[in-house]
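Listed here are the chains, written in short residue letters.
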Amino acid sequence: MTGRTGLGCLLVVTALISIRPALAQSDKAPAQDADMAAMMQEFHKWADPGAMHKHLEKLAGTWTVVMKMTMDPSAPPVESKGTCSSAFVIGGRWLRQEFKGEMMGMPYEGIGMIGYDNFRQEYVCTWADNMTTAMLRLTGTCNEAGTEFTLSGTMDQPMTGERDKKFRHVWKFTGTDTYTMDMYDTIPGKGEVMVMALEFTRVK
């Protein structure tokens, strides 16, 4: 049994244990049956994808990506290209993103997951790539129309020794088949600075 499978089984068993007392008594009285129905309704409220997950549908598909990295504010951005494939997994609860391209003249690949936490009422995004052994985690919100997402997190910077440095991503849909992602870093002495801009165009 793999660690992932074992963890999945553990979560299911834990959920069953938590509701087993109600299950054991559910055939004793109509009132208890009603309690069990209410419990299951509450369970699905937190466990099932909902309206906030639907905002992520716009991200699904295959995209070409143009990345513009600002290495020196006095010089033009360094441009590179790639592709991004995004699809829903785990019953529509998470959108899995896979990126391949180049960055600073080197092959670049990364995998991300984004979903909505019904209980905490926030979007959650993770990202791992071949430029680091660390995994990024971001949380945030979107506007009412679901056309702009703002996600923030903290990261370590081994090259400078910085820990828990704040960063922010802003995704904006500019059309049905286009969106942008602006990445902001926190630079000592300068505050928040946009360091990379990505332009996504859907492949049809």
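Residues numbered from 1 in each chain as written. Predicted model: local features only at pLDDT ≥ 70, side-chain atom pairs only at ≥ 80, totals over all residues. Heavy atoms only, no water.

Q: Even after reading the chapter, I still don't get the overall build of the chain, so can you show me in this structure?
A: On a plain count of helices and strands, the chain comes out with 3 helices and 10 strands. Along its sequence from the N terminus, the chain presents helices and strands in the succession α-α-α-β-β-β-β-β-β-β-β-β-β. Counting across all 204 residues of the chain, residues that qualify as buried make up 26%. At a minimum sequence separation of 6, the contacts of the chain that also span at least 24 residues come to 33%. (Helix = DSSP H or I, 4+ residues; strand = E, 2+ residues; numbered from the N terminus. Buried < 20%, exposed > 50% of the residue type's maximum accessible area, 1.4 Å probe, protein only. Contact = heavy atoms within 4.5 Å.)

Q: Would you mind showing me how to read the pattern of salt bridges here?
A: Note that side chains of opposite charge can pair when their charged atoms are close. Applying the stated criterion to the full structure yields 10 salt bridges. Between Arg 93 and Asp 48 there is a salt bridge, with the nearest N and O atoms lying 3.5 Å from each other. Highlighted residues: Arg 93 in the loop between β2 (78-89) and β3 (94-103) and Asp 48 in the loop between α2 (30-47) and α3 (51-54), separated in sequence by 45 residues. Given a relative accessible area of 28%, Arg 93 falls into the partly exposed group. Taking the relative accessible area as the measure of exposure, Asp 48 reaches 29% and is therefore partly exposed. (Salt bridge = Lys/Arg side-chain N within 4 Å of Asp/Glu carboxyl O.)

Q: Would you mind showing me how to read the side chain of His 53 here?
A: Residue placement: His 53 occurs in helix α3. Among the polar contacts made by the side chain of His 53, one reaches the main-chain amide nitrogen of Gly 50 at a distance of 3.0 Å. With sequence-adjacent residues up to four places away left out, His 53 is seen in contact with Asp 48, Phe 88, Gly 92, Arg 93, Tyr 116 and Asn 118. (Polar contact = N/O pair within 3.5 Å; in protein donor to acceptor, adjacent residues only side chain to side chain.)

Q: Explain the side chain of Gln 97 to me, please; I cannot follow it from the model alone.
A: Along the chain, the position of Gln 97 falls in strand β3. Relative accessible area serves as the criterion here: at 5%, Gln 97 is assigned to the buried category. Apart from the residues within four sequence positions on either side, Gln 97 is in contact with Cys 84, Ser 85, Ser 86, Gly 110, Ile 111, Gly 112, Trp 127, Trp 171 and Tyr 179.

Q: Before we go on, may I ask you to explain the pairing of strand β6 (residues 136-142) in this structure?
A: Within a regular strand, side chains alternate between the sheet's two faces. As paired strands, strand β5 (residues 122-129) and β6 are joined by 5 bridges and run antiparallel to one another. Following the sheet pairing, Cys 125 is matched in β6 by Leu 138. Direction of pairing for β6 relative to strand β7 (residues 148-157): antiparallel, over a ladder of 5 bridges. Residue pairing in the sheet places Leu 138 in a bridge with Gly 153 of β7. (Pairing = 2+ DSSP bridges.)

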